[in-house]
Number of protein chains: 2
Amino acid sequence: MQSNDVNSTAAGANYTEEPRAVKPEELKYNSDGLIPAVIQDARTGAVLMVGYMNRESLRRTIEGGKVCFWSRSRKVYWVKGESSGNFFEPVELYTDCDVDTLLIKVRVHGKGVACHTGRYSCFYNTIAGFGGQGSGERFD
Amino acid sequence: MQSNDVNSTAAGANYTEEPRAVKPEELKYNSDGLIPAVIQDARTGAVLMVGYMNRESLRRTIEGGKVCFWSRSRKVYWVKGESSGNFFEPVELYTDCDVDTLLIKVRVHGKGVACHTGRYSCFYNTIAGFGGQGSGERFD
């Protein structure tokens, strides 16, 4: 996440830092030792879910070839798809300008669905009152 | 984020709940009153950044037609692109099965770039040691 855009530069202007390969120990984990990971289908570009990782689950993800989260509710390592077979194979790993968020492009195995409801993506609910297109519709 | 996939159902099977329009007050904000928002370019599908919102910044986003975050570092509301002109117009708003994450598809205005470095997306850094393709390469 970027924290401000006061120093925004025009597209094509000099960038403030070069893209680099960030070491896992350089990432900014939160006070619980976690970093959010956005999971995107490498084939379609769809955002499938957001999970949380600690240093060890990131290591397992990279070494094991299957995305492994830290379950905040169950306090366990959790290889997504371990029981369903719908696991995520990491294809590309990125972090952002603040090195506090991961973006993982994945190949979805098994039935090709991400959500425990059987849906392709976890993001199937809309937000009530949002008319879209900048309509300014009130929601409360 | 889904917390487990023990109850995964086959694609096409009965879903455990219907998609619905979730009211902003039903969302699960964290202990700081925040919810992460994944920002995706509605046109290209690229993930541009992840920011945080509280109830009020979500209201401002919906009513104002420009994505408004809560800056955790500066403790202020922050309309992305307020100074640079590269603001995000929300086009579609989704939440996930756990109603604890937002996905906002946006139209990028101004110079069409999201990052304060002038880059299109904040996710321009790779993770060191990740060979991709499930290579299992060690990173430490």
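Residues numbered from 1 in each chain as written. Chains lettered and ligands numbered in written order. Predicted model: local features only at pLDDT ≥ 70, side-chain atom pairs only at ≥ 80, totals over all residues. Heavy atoms only, no water.

A. Fine view of the confidence of the model for chain A. All names here are of chain A. Chain-level pLDDT for chain A is 87 on average; 84% of the residues reach the 70-or-more range. pLDDT under 50 marks residues 1-13. Its contacts with residues more than four places away, or in other chains, come to 46 contacts. In the model, residues 133-140 has pLDDT below 50 throughout and makes 27 contacts with residues more than four positions away in sequence or in other chains. In the predicted assembly, ipTM is 0.86 and pTM is 0.86. (pLDDT = per-residue confidence, 0-100. Contact = heavy atoms within 4.5 Å.)

B. Spatial organisation of the side chain of Arg 119 of chain A. Secondary-structure assignment places Arg 119 of chain A in the loop between strand 7 (102-108) and strand 8 (125-127). Buried charge without a partner: Arg 119 of chain A forms no salt bridge, and the closest opposite charge is Glu 18 of chain B, 4.8 Å away. Setting aside residues no more than four positions away along its own chain, Arg 119 of chain A makes contact with Val 113, Ala 114 and Tyr 124 of chain A together with Tyr 15, Glu 17, Glu 18 and Pro 19 of chain B. (Helix = DSSP H or I, 4+ residues; strand = E, 2+ residues; numbered from the N terminus. Buried < 20%, exposed > 50% of the residue type's maximum accessible area, 1.4 Å probe, protein only. Lys, Arg positive; Asp, Glu negative; His and termini not counted. Salt bridge = Lys/Arg side-chain N within 4 Å of Asp/Glu carboxyl O.)

C. Representation of the sheet that holds strand 2 (residues 35-41) of chain B in the model. In spatial order, the strands read 1(B)-8(A)-6(B)-7(B)-2(B)-3(B); together these 6 strands make up an open sheet with mixed pairing. The sheet is open, and its two borders are formed by strand 1 (21-22) and strand 3 (47-53) of chain B, each paired with just one other strand. Pairing geometry for strand 2 of chain B and strand 7 (residues 102-108) of chain B, over 5 bridges, is parallel. Considered in strand 7 of chain B, the bridge of Ile 39 of chain B is made with Ile 104 of chain B. Along the sheet, helix 1 (residues 55-64) of chain B contacts strand 8 of chain A together with strand 3, strand 6 (88-95) and strand 7 of chain B; its crossing angle with strand 3 of chain B, the most-contacted strand, is approximately 125°. (Pairing = 2+ DSSP bridges. Axes fitted to C-alpha atoms, helices over the stretch in contact; angles between N-to-C directions.)

D. Focus on the pairing of strand 7 of chain A. All names here are of chain A. Judged by how many residues are buried, strand 7 sits mostly within the fold: 5 of 7 residues are covered. As judged from the 7 bridges shared by strand 6 (residues 88-95) and strand 7, these two strands associate in the antiparallel manner. Along strand 7, the bridge assignment pairs Leu 93 with Ile 104. Where strand 6 folds back on strand 7, the antiparallel hairpin that results is connected by 6 residues, among which Val 99 adopts a positive phi of roughly 45°.

E. Quick look at the layout of surface pockets. Within this model, the largest pocket holds a volume of roughly 710 Å³. Forming the boundary of the largest pocket are 27 residues, of which Asn 30 and Tyr 52 of chain A together with Asn 30, Tyr 52 and Arg 72 of chain B lie nearest the centre. Looking at the lining of the largest pocket residue by residue, the class counts come to 9 nonpolar, 8 polar and 10 charged. Only strand 2 (35-41) and strand 7 of chain A provide two or more residues apiece to the lining of the second largest pocket. In terms of residue class, the lining of the second largest pocket is built from 8 nonpolar, 4 polar and 2 charged. (1 Å grid on protein atoms, 1.4 Å probe; cavity = no way out; pocket = protein on both sides within 12 Å on 5 of 7 lines; lining within 4 Å. Points joined across faces, edges and corners; volume = space filled by probe spheres on them. Nonpolar A, V, L, I, M, F, W, Y, C, P; charged D, E, K, R; others polar.)

F. Summary view of the pairing of strand 5 (residues 76-79) of chain A. All names here are of chain A. Strand direction decides the pairing type here: strand 4 (residues 68-71) and strand 5, joined by 4 bridges, are antiparallel. Across the sheet, residue Phe 69 finds its bridge partner in strand 5, namely Trp 78. From the end of strand 4 to the start of strand 5, which pair antiparallel, there are 4 residues, and Lys 75 there has a positive phi angle of about 55°.

G. The arrangement of helix 1 (residues 55-64) of chain A in detail. Within helix 1 of chain A the residues assigned to the buried category are Ser 57, Leu 58, Thr 61 and Ile 62 of chain A. Around the axis of helix 1 of chain A, the buried residues are gathered within 135° of arc, so they sit on the same side. Check the buried side of helix 1 of chain A and you find it contacts strand 3 (47-53), strand 4, strand 5, strand 6 and strand 7 of chain A together with strand 8 (125-127) of chain B. Just downstream of helix 1 of chain A lies Gly 65 of chain A, where phi reads positive at about 75°. (Arc of directions from axis to C-beta.)

H. Molecular detail of the sheet that holds strand 1 (residues 21-22) of chain A. Sheet architecture is open: 6 strands sit in the order 1(A)-8(B)-6(A)-7(A)-2(A)-3(A), paired in mixed fashion. Edge positions in the sheet fall to strand 1 and strand 3 of chain A, since each has one partner strand and no second. One ladder, built from 2 bridges, connects strand 1 of chain A with strand 8 of chain B; its direction is parallel. The residue bridging Ala 21 of chain A from the neighbouring strand is Thr 126 of chain B, located in strand 8 of chain B.

I. Local environment of the packing of aromatic side chains. Per the stated rule, a full pass over the model turns up 4 aromatic pairs over all chains. With centroids separated by 5.2 Å and ring planes inclined at 35°, the aromatic side chains of Phe 69 of chain B and Trp 78 of chain B adopt a geometry described as tilted. Like Trp 78 of chain B, Phe 69 of chain B is buried. Lying over the aromatic face of Phe 88 of chain A, Lys 80 of chain A brings its terminal NZ or CZ to 5.1 Å of the ring centre. Lying over the aromatic face of Phe 87 of chain B, Lys 66 of chain B brings its terminal NZ or CZ to 4.4 Å of the ring centre. (Phe/Tyr/Trp six-rings, centres within 6.5 Å; stacked < 30°, edge-to-face > 60°. Lys NZ or Arg CZ within 6 Å of the ring centre and 35° of its normal.)

J. Region of the structure containing the side chain of Thr 95 of chain B. For Thr 95 of chain B, the position within the fold is in strand 6. Since its relative accessible area comes to 0%, Thr 95 of chain B is described here as buried. Among the polar contacts listed, one links the side chain of Thr 95 of chain B to the backbone oxygen of Thr 101 of chain B, at a separation of 2.7 Å. Not counting the four nearest positions on each side in its chain, Thr 95 of chain B is found in contact with Cys 122, Phe 123, Tyr 124, Asn 125, Thr 126 and Ile 127 of chain A together with Val 22, Leu 27, Asp 100, Thr 101 and Leu 102 of chain B. (Polar contact = N/O pair within 3.5 Å; in protein donor to acceptor, adjacent residues only side chain to side chain.)

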